[in-house]
Structures are given as C-alpha cells and as structure tokens.
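# Commentary on secondary and tertiary structure
Listed below, chain by chain, are the residues.
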2 protein chains.
Amino acid sequence: MMELTRKGEYAIRGIVYLAGKQTDKVCLLSDIAEAVNVPPTFLAKIFQQFSKIGLVKSYRGTGGGFMLGRPPEQITLLEVVEAVEGPILPNRCVAAPTDCERSCDCNVHPVWQRVQSEVRQVLGGVSLKDLAICK
Amino acid sequence: MMELTRKGEYAIRGIVYLAGKQTDKVCLLSDIAEAVNVPPTFLAKIFQQFSKIGLVKSYRGTGGGFMLGRPPEQITLLEVVEAVEGPILPNRCVAAPTDCERSCDCNVHPVWQRVQSEVRQVLGGVSLKDLAICK
DNA sequence: CCCTAAAAGGATATAAACAGTCTTTTTGGT
DNA sequence: ACCAAAAAGACTGTTTATATCCTTTTAGGG
Ligand code: SF4
Ligand code: SF4
C-alpha cells in the first residue's frame, strides 16, 4: 500500500534532473524525458502542472524549455509529490474528520494523523538540492 | 496520496470491533458488519483473508462466527493493514531496488526507505488493544 | 439423518483511477 | 511568414477498487 504512481515517480525524476542543471539554463522537455527515461508526452503533462504552480518556469517557442522556478534548496520533495499526487492522506478522515461519524471516539483516527505527520516531515526535510546527482 | 482503500478501512473497523469483545466469544459476521457499518458481503471477503493467516479464527455452521486469533495486545495495526493492503511500499524500488537501474546512485531511493520505515514504526507500535473502544 | 445456520469460494458487474497517446492551439524567435 | 516548442484538451486501453451474487462446504441440533 501507499504506493507512488508512475506519474509521481516520473515527476520527481524530471524535476530532480532540472535541479542538477545550472539554474539559468532552459532544458528541452524532450531532452529531460530522454535523460530520465520517461514517455515525453506524459512528462509534458506533469511539467504543465508544475508550471501552473510555479515549481518550474516554462518558455515557449524556439529556444524554449523548462527551468526550475526557484533555487533547488527551496523546493522540497513534499511539494513536488503533493503537486502531482495530491495531499498526503493516509485516510480520508484525516482531511475531513466530519465525514466519518465515528471520528469523535475512534482511536484509529489519531494514528493516521500521526502517519501523515511523519511522512510529511520526512518528505519535507529533503530538498531538490539534496537530491540532485551532481551537487 | 498514500490513501487507505475502503477494504483497508473496513478491515480495521471489523477487527477492532472483535478486539473489543471478550476473547472467547464468537461473533456473527452479520452482526459485526452491521455494528461497524460495512457491507456484509465485502466484510466476509476480508475476514476470509484474516482467517487464512490466523489473524482471526472462524467457525462454521450453527453457532459459528469469528473471534480474534490472538490476544488483542499481540496484533498490531501494521499486521492488519498489510494483511489486506499488502506491504507498505512508498515506491516499488523499495521492494525491488534491482527493478530500477538508477537505484545505485539515486538519492531519492533512501528517502522512500525512510518513509517506509517511519510508517511501519507508527503502525507497528499500535495494537488492537490500544484501538478497541472498551478496553 | 435431515435441516438449518454460517462461513468459504468463485464468478460477475460497475465504476474509478492510472498510464499514456493524439491533435490542435498558442507563443516566441528568426 | 515560418518554424520550434510548450499548452491544452480530447481520447483510449488497462488495471484496480468496490462491491454483489451464487454455489459449496462445514457444523450443530432435533
Ligand atoms: S473509523 Fe476512525 S479511522 Fe476509520 S474513517 Fe472513521 S475516524 Fe477515520
Ligand atoms: S529513480 Fe530512484 S526513487 Fe525512482 S524508482 Fe529508481 S531508485 Fe527508486
């Protein structure tokens, strides 16, 4: 359980690759896709999402491409993952306790909150700078 | 992401209910299902899985039903969850590093291992005794 | 021995999510 | 004007989730 989807895995690979490049250099989507071994059309969708929320900057037309939206040390793995996979939610009741009428006296509920917190802490503690291969 | 499925949620509800009963009393599936608000046919499938690995004991025929396979303090939430949802695997490479040819010099890989470890620790630290409503 | 209660097992149905492709549009550079 | 590249949206095939039947097996009680 708790498996990252392909999309999530691809997203990380792609943006980590970007983080390994000079901050001011734009990269072609096709180059990134090839480098990280991801279907280009799929990676395009992912980077569109990134672009919308500013995680990456995109440039169209000739000489266009992508670069990081912020310095790599200011982007956490948590942000990247949540951008494409949605929030870390071990159980629906963590997001909306009112959904489950049992939540008031449920002893399991706090466990899921704790799981969420731990996972967020691990992922939030890692930046793209830590992850880029050539630091 | 990382969401528990209905099956997992139902499984926990069902077995936690059992844990709240006397250890030597068998409970009808239909009663459990009604008490925890789960479709009986679905819960049946779940308890069949539990039964196979000994998490619960089942008795057929008149006067049959289910009871815990072990004392509630000896069953962890981790066991219950993994029984129905499979192992905690934030990413496939955690189970099979050889699947990904990048795993040798991938800085993300150890992060997923850490996530797995943290989650397992949280879930493994909670027993059914802790979870049962009337202790 | 038969009847009934109850779980086990297997087959099926529906819907949602995942994984990816294709086509068209917009934008920027030359 | 033309070309290069990303954006946007529609579309498809596959797999997983969420169940619901139906039949079979097992056990107890009269
Ligand atoms: S029963 Fe408890 S753990 Fe399950 S959804 Fe409700 S509050 Fe959450
Ligand atoms: S690239 Fe790294 S994190 Fe992704 S699957 Fe391979 S080893 Fe795991």
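Look up a bit, the structure's there.
It should be emphasised that the depicted structure is a prediction, and the values quoted were computed from it without experimental measurement.

In the vicinity of DNA strand D lie 24 residues, with L29, K45, S58 and R60 of chain A together with R60 of chain B positioned nearest. When atoms of DNA strand D within 4 Å of the protein are sorted by moiety, sugar and phosphate together comprise 66%. The contact in question runs from a phosphate oxygen of DNA strand D to an N or O atom on the side chain of Y10 of chain B, over 3.0 Å. The element that contributes the greatest number of residues to the surface near DNA strand D is helix α3 (residues 40–52) of chain A, accounting for 4 residues. Among the residues forming the surface near DNA strand D, the class breakdown is 7 nonpolar, 10 polar and 7 charged.

Attention now goes to the interface of chain A and chain B. Every contact between the two is made by 40 residues of chain A and, on the other side, 40 residues of chain B. Counting the surface lost from both chain A and chain B, the interface buries some 3,500 Å², and carbon and sulfur atoms represent 60% of this. On inspection of chain A and its partner chain B, the count reaches 0 salt bridges. Where chain A meets chain B, there are 18 residue pairs in polar contact (both at pLDDT 80 or more).

Residues three or four positions apart in an α-helix share a direction because the helix packs 3.6 residues into each turn. Residue and element names in this part refer to chain B. Taking 1.5 Å per residue as the helical rise, helix α3 (residues 40–52) with its 13 residues ought to reach 18 Å, and the 18 Å between its terminal C-alpha atoms agrees with that figure. For α3, every residue scored as buried is listed here: L43, A44, I46, F47 and F50. The inward-facing, buried residues of α3 abut α1 (6–19), α2 (29–36), β1 (56–59), β2 (65–68) and α4 (77–85). Once α3 ends, the next one or two residues include G54, with phi positive near 85°.

Before going further, it helps to spend a moment on the site of ligand 2. Every residue close to ligand 2 is listed here: E9 and R13 of chain A together with N91, C93, C100, R102, S103, C106, V108, H109 and W112 of chain B. Residues within reach of ligand 2 are spread across chains A and B. Elements represented by at least two residues in the shell around ligand 2 include exactly α1 (6–19) of chain A together with α6 (109–124) of chain B. Classifying every residue of the shell around ligand 2 gives 5 nonpolar, 3 polar and 3 charged.

We now examine the packing of α2 of chain B against α3 of chain B. All names here are of chain B. In contact at an axis separation of 9 Å, α2 and α3 are set at 115° when each is read in the N-to-C sense. Considered as vectors, α2 and α3 are oriented roughly perpendicular to each other. Crossing handedness for the pair α2 and α3: right-handed. For the pair formed by α2 and α3, the contact residues are L29, I32 and A33 on the first element and P40, L43, A44 and F47 on the second. The class makeup of the residues in the contact of α2 with α3 is 7 nonpolar, no polar and no charged.

Turning our attention to the site of ligand 1. Taken together, the residues surrounding ligand 1 are N91, C93, C100, R102, S103, C106, V108, H109 and W112 of chain A together with E9 and R13 of chain B. Sorting the residues of the shell around ligand 1 by element identifies α6 (109–124) of chain A together with α1 of chain B as the ones contributing at least two each. Grouping the amino acids of the shell around ligand 1 by side-chain chemistry returns 5 nonpolar, 3 polar and 3 charged.

We now examine the relation of the copies chain A and chain B. For the pair chain A and chain B, the best superposition has an RMSD of 0.0 Å and corresponds to a rotation of 180° with a translation of 0.0 Å parallel to the axis. Expressed as a symmetry operation, the mapping of one chain copy onto the other fits a two-fold axis. The rotation axis passes nearest to the C-alpha of M2 of chain A in chain A, at a distance of 1.9 Å. A share of 100% of the interface residues of chain A reappears at the interface of chain B, consistent with the copies meeting face to face through the same patch.

Attention now goes to the pattern of salt bridges. All names here are of chain A. Tallied over the entire structure, the rule returns 8 salt bridges over all chains. Put simply, R13 and E9 hold a salt bridge, and the shortest N to O gap is 2.8 Å. With R13 and E9 both in helix α1 and 4 residues apart, the pair spans about one turn of that helix. Pair check on accessibility: R13 and E9 agree, each one buried.

Analysis parameters
- Residues numbered from 1 in each chain as written.
- Chains lettered and ligands numbered in written order.
- Predicted model: local features only at pLDDT ≥ 70, side-chain atom pairs only at ≥ 80, totals over all residues.
- Heavy atoms only, no water.
- Near = heavy atom within 4 Å.
- Polar contact = N/O pair within 3.5 Å; in protein donor to acceptor, adjacent residues only side chain to side chain.
- Helix = DSSP H or I, 4+ residues; strand = E, 2+ residues; numbered from the N terminus.
- Nonpolar A, V, L, I, M, F, W, Y, C, P; charged D, E, K, R; others polar.
- Contact = heavy atoms within 4.5 Å.
- Buried area = accessible area lost by both parts, 1.4 Å probe.
- Salt bridge = Lys/Arg side-chain N within 4 Å of Asp/Glu carboxyl O.
- Expected span 1.5 Å × (residues − 1).
- Buried < 20%, exposed > 50% of the residue type's maximum accessible area, 1.4 Å probe, protein only.
- Axes fitted to C-alpha atoms, helices over the stretch in contact; angles between N-to-C directions.
- Parallel < 35°, antiparallel > 145°, perpendicular 65-115°, else oblique.
- Left-handed = near helix turned anticlockwise from the far one by under 90°.
- Least-squares fit on C-alpha atoms with pLDDT ≥ 70 in both.

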